[in-house]
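Below are the chains, spelled out letter by letter.
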Protein chains: 2
Amino acid sequence: MGSTKRRDAGRPRGAPVIDAVMAATLDELGTHGLAALSVERIAAAAEVNKTSIYRRWPTREALVAGALEYVLVDFESAQEDTGSLRGDLLVLARAIADFLATPAGLALARAAFAESSSAELTALAGRQFARGTAEPVGGLVARALERGEWDRRTPPEVPLSMLVGALLHRTLLEHQPVSASWLSRVVDVLAAGLAVRP
Amino acid sequence: MGSTKRRDAGRPRGAPVIDAVMAATLDELGTHGLAALSVERIAAAAEVNKTSIYRRWPTREALVAGALEYVLVDFESAQEDTGSLRGDLLVLARAIADFLATPAGLALARAAFAESSSAELTALAGRQFARGTAEPVGGLVARALERGEWDRRTPPEVPLSMLVGALLHRTLLEHQPVSASWLSRVVDVLAAGLAVRP
């Protein structure tokens, strides 16, 4: 299972307020999106004054950038060696699907697809999301190559786009749940499609 | 190649103004997105008064809904029987990629992924997009089944999510061009993954 860890270690004093504001900002991003974001609602949800927010994050952009950077997309536990490419893909896919179902995951995904008027934030969200999903793929590919399950002609970014893209399409566009059977079929197609071809 | 046709047939008088406003609204949606949309900019781009826009489309929502419905997502010409599943997938994928590169396609995709504060418009964009991409898949699947190239256990919505999702991931999240070689690899994986498995 993937998890969204908060960076608690080594936090300075005042961290509970930061935690509350960052969590509220991610909730707001996930439900209302980047352009309709309201600092008023964030302050109310975090139970702080708007002025305390503006003291730390002088602009809306700084607040959102802070929140997006605060999300530690961590699929380390999804790097399990299950003994087969199919199994490894399934663990990773489930972790990404679970992450997309959290407020932070939804916030990152929505921000990454947001309008280009906030190009920098969109790029930041995209980088955060891409880094988190691309990281565990290295090990998965190396194991699959060693097992002879991966055609060397297929670069890792191709199935990564297909897997993450399918999950985004399913959840954000079709608004359908990522069921075990749907996920299993996606992974079937991927694993068979990546196999060494004559 | 897919194309975005404007519904010109049978348009009432005043159609040039409608065309200009709808085109400007789609441009605005593609570049600034749903939440940051400016009727002022649309009026300027379409060279009409804001009041003429509000006369026909009393609200921002009505204007956007009109523009989204105006896009006729038409991949009819992408339903070509090339003689193989791989070929058919390549034609469809190229058509969708080309559509996503147009202002109307970008507008639909961005609106479909937009924040839930405009849930109805988001749903409308999603439906328009999904209908357009799902339509040509029926024929493609039927031909592949007949040729024995498609494992019956895989429902069509699985590769559709993988193909459309990969294109969205590539263009809107990674901001990478859909090159012929990238597309060819995606289709290789899909066709091989969909093949009848023992």
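See the structure printed just above.
Criteria and thresholds
Residues numbered from 1 in each chain as written. Chains lettered and ligands numbered in written order. Predicted model: local features only at pLDDT ≥ 70, side-chain atom pairs only at ≥ 80, totals over all residues. Heavy atoms only, no water. Helix = DSSP H or I, 4+ residues; strand = E, 2+ residues; numbered from the N terminus. Buried < 20%, exposed > 50% of the residue type's maximum accessible area, 1.4 Å probe, protein only. Areas by Shrake-Rupley, 256 points an atom, 1.4 Å probe, with all protein chains shown as cover. Salt bridge = Lys/Arg side-chain N within 4 Å of Asp/Glu carboxyl O. Axes fitted to C-alpha atoms, helices over the stretch in contact; angles between N-to-C directions. Parallel < 35°, antiparallel > 145°, perpendicular 65-115°, else oblique. Left-handed = near helix turned anticlockwise from the far one by under 90°. Contact = heavy atoms within 4.5 Å. Nonpolar A, V, L, I, M, F, W, Y, C, P; charged D, E, K, R; others polar. Buried area = accessible area lost by both parts, 1.4 Å probe. Polar contact = N/O pair within 3.5 Å; in protein donor to acceptor, adjacent residues only side chain to side chain. Least-squares fit on C-alpha atoms with pLDDT ≥ 70 in both. Expected span 1.5 Å × (residues − 1).

Counting its secondary structure elements, chain A contains 10 helices and two strands. Moving toward the C terminus, one meets the helices and strands of chain A in the order β-α-α-α-α-β-α-α-α-α-α-α. By the burial criterion, 51% of the 198 residues in chain A qualify as buried. Taken as a whole, chain A presents about 8,400 Å² of accessible surface, with 54% of it coming from carbon and sulfur.

Moving on, we get to the pattern of salt bridges. Residues and elements named next belong to chain B. Overall, the coordinates contain 24 salt bridges over all chains when judged by the stated rule. Arg143 is the partner of Asp88 in a salt bridge, and the nearest nitrogen-oxygen pair spans 2.9 Å. Separated by 55 residues along the polypeptide, Asp88 in helix 5 (residues 85-100) and Arg143 in helix 8 (residues 137-147) bring together distant segments of the chain. Residue classification places Asp88 among the buried residues on the basis of a relative accessible area of 1%. Taking the shortest distance from any N to any O, the salt bridge between Arg170 and Glu174 comes out at 3.4 Å. We classify Glu174 as partly exposed; its relative accessible area is 22%.

With that settled, the discussion passes to unusual backbone geometry. All names here are of chain B. In this model, Glu47 sits at a positive phi of 55°, which is unusual for a non-glycine residue. By the element assignment, Glu47 lies in the loop between helix 2 (39-46) and helix 3 (50-56). A residue is classified by how much of its surface remains accessible, and Glu47, at 72% relative accessible area, is exposed.

Residues and elements named next belong to chain B. For the pair helix 5 and helix 9 (residues 157-173), the least separation of the axes is 10 Å and the interaxial angle reads 40°. Regarding the angle of helix 5 to helix 9, the classification is oblique. Judged by the sense of rotation from one axis to the other, the crossing of helix 5 with helix 9 is right-handed. Residues Leu89, Leu92, Ala93, Ile96, Ala97 and Leu100 of helix 5 lie in contact with helix 9, whose contacting residues are Leu163, Val164, Leu167, Leu168 and Thr171. Grouping the amino acids of the contact of helix 5 with helix 9 by side-chain chemistry returns 10 nonpolar, one polar and no charged.

Tallying the contact residues gives 41 residues for chain A and 41 residues for chain B. When chain A packs against chain B, the two sides together hide about 3,600 Å² of surface, and 67% of this comes from carbon and sulfur. Counting the surface chain A buries against chain B, the share from its top three residues, Phe113(A), Met162(A) and Leu173(A), is 20%. Counting across the interface, chain A meets chain B through zero salt bridges. Summed over the shared surface of chain A and chain B, the number is four residue pairs in polar contact (both at pLDDT 80 or more). Elements that contribute at least two residues to the side of chain A that touches chain B include exactly helix 1 (15-32), helix 6 (103-112), helix 7 (119-134), helix 9 (157-173) and helix 10 (180-194) of chain A. The leading source of residues in the side of chain A that touches chain B is helix 9 of chain A, at 12 residues. Among the residues forming the side of chain A that touches chain B, the class breakdown is 21 nonpolar, 11 polar and nine charged.

So, about the relation of the copies chain A and chain B. With an RMSD of 0.0 Å, the operation that places chain A on chain B is a rotation of 180° combined with a shift of 0.0 Å along the axis. Viewed as a symmetry operation, the transformation between the two copies matches a two-fold axis. Same-surface contact between copies: 100% of interface residues of chain A are shared with the interface of chain B.

For helix 1 of chain A, spanning 18 residues, the distance from its first C-alpha to its last is 25 Å, which sits close to the expected 26 Å at 1.5 Å a residue. Looking at helix 1 of chain A, one finds that the buried residues are Ala15(A), Ile18(A), Val21(A), Met22(A), Ala24(A), Thr25(A), Leu26(A), Glu28(A), Leu29(A) and Gly30(A).

Glancing now at the environment of Pro155(A). All names here are of chain A. Relative to the assigned elements, Pro155 resides in the loop between helix 8 (137-147) and helix 9. Relative accessible area serves as the criterion here: at 19%, Pro155 is assigned to the buried category. Through-space distance from the C-alpha of Pro155 to that of Leu194 is 9.9 Å; in sequence the pair is 39 residues apart.

Below, the discussion takes up helix 10 of chain A. Taking 1.5 Å of rise per residue, the 15 residues of helix 10 of chain A would be expected to cover 21 Å, and the 21 Å separating its terminal C-alpha atoms lies within 8% of that figure. For helix 10 of chain A, the set of buried residues is Trp182(A), Leu183(A), Val186(A), Val187(A), Val189(A), Leu190(A), Ala191(A), Gly193(A) and Leu194(A). In this fold, the buried residues of helix 10 of chain A make contact with helix 5 (85-100) and helix 9 of chain A together with helix 9 and helix 10 (180-194) of chain B.

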